[in-house]
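Descriptive analysis of the structure
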Amino acid sequence: MNVLVIDIGGSNIKLLATGQPERIKIPSGSDFKPEDLIPLVKDATKDWPYEAISIGFPGVVKHGVIAADPVNMGKGWMGYDFQKAFGMPVRIINDAAMQALGSYEGGKLLFMGFGTGLGTAMVFKDLILPLEGGHLPFKQGTFETHVGNAAMKKVGKKKWKELVYQTIEHFRHCFQPDEIVLGGGNSKYLEEIPDKCRLGSNKNAFTGGFRLWEREFKI
């Protein structure tokens, strides 16, 4: 099966289909709506053969449907019918969960994505468990307000890294994973990788999108 993977982000939309050597990147932004996405994707991928689509979305997805509009993009995402718009089967999953699935090598995996905010998800065998761990309370705020991009700019990289390492240990203690994958654009600033952790790759989002059609998962 040829699958198109759409990785939706607040700054860019990244596209890759089965057998294609290079991904395509499309700018998004604070006013970006699903009605903007559909024609741009169709046009950008018009020479790619595919018969199914995976979408990684930066927000809550329940039963394959977007449950709320994201804070960093436009309106209209909640409940949007992508299957009807694209005219083919579509599977939607939280973007951190898609990264987690693409990173999975066995056991109980916890994914932590340090980027604009903190994306979290777990995978165990055929179970994909999206989490909203970044919104859990931490100090005088949440984990996300302490380790997100805005926090790094506010407190500096040295203090930010200390908070990241604290966050990793809190999540390790809470979720008891066999392995932690550290992803997101800011994980590259971590010179020391804690025990039983490894750095992820943004390519894993595409791997997760392809895997989503290889078998049935419980989400």
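Residues numbered from 1 in each chain as written. Predicted model: local features only at pLDDT ≥ 70, side-chain atom pairs only at ≥ 80, totals over all residues. Heavy atoms only, no water.

If you look the chain up in an unreviewed UniProt entry, it shows as ROK family protein from Algoriphagus taiwanensis.

What about helix H1 (residues 34–44)?
Heads up, the condition is: Note on exposure labels: buried denotes an accessible area under 20% of the residue type's maximum, exposed denotes more than 50%, and partly exposed covers the range between, all computed with a 1.4 Å probe on protein chains only. Numbered from the N terminus, helices here are DSSP runs of H or I no shorter than four residues, and strands are runs of E no shorter than two. Think of it as the arc spanned by the lines of direction from the helix axis to the C-beta atoms. Contacts: residue pairs with any heavy atoms within 4.5 Å of one another.
Those residues of H1 not exposed but buried are Pro34, Leu37, Ile38 and Val41. Buried residues of H1, seen end-on, are gathered within an arc of 100° and therefore sit on one face of the element. Where H1 is buried, its residues touch strand S1 (3–8), strand S2 (12–17), strand S3 (24–27) and helix H2 (82–86).

Quick notes on the sheet that holds strand S7 (residues 90–94)
What links the strands of a sheet is backbone hydrogen bonding, and the strands pair in either a parallel or an antiparallel sense. Convention followed: Between any two strands, at least two bridges found by DSSP are needed for them to pair. For helices, the axis comes from a line fit to the C-alpha atoms of the stretch in contact; other axes are also lines fit to C-alpha atoms, and the angle between any two N-to-C directions lies between 0 and 180 degrees.
An order of S3-S2-S1-S4-S7 is seen for the 5 strands of this open sheet, with the pairing classed as mixed. Each of the sheet's edge strands pairs with one partner strand only, and the pair in question is S3 and S7. Strand-to-strand twist of the sheet, defined as the mean angle between neighbouring strand axes without regard to direction, takes the value 20°. Sheet analysis places strand S4 (residues 52–57) next to S7, joined by 5 bridges and oriented parallel. Paired with Gly56 across the strands is Ile93, a residue of S7.

A short note on the nonpolar core
To be explicit about the condition: Among buried residues, those of type Ala, Val, Leu, Ile, Met, Phe, Trp, Tyr and Cys that are joined through side-chain atoms within 4.5 Å constitute a nonpolar core.
Ranked by size, the top nonpolar core spans 26 residues in total, and within it Ile6 and Phe82 carry the most contacts. If you list the elements that add at least two residues to this core, you get S1, S2, H1, S4, H2 and S7. Ignoring anything within four residues of it in the chain, the contact list for Phe82 reads Pro34, Leu37, Ile38, Ile55, Ile66, Trp77, Val90 and Ile92. Listed in part, the 22 residues of the second largest apolar core include Ala97, Ala121, Val123 and Phe217.

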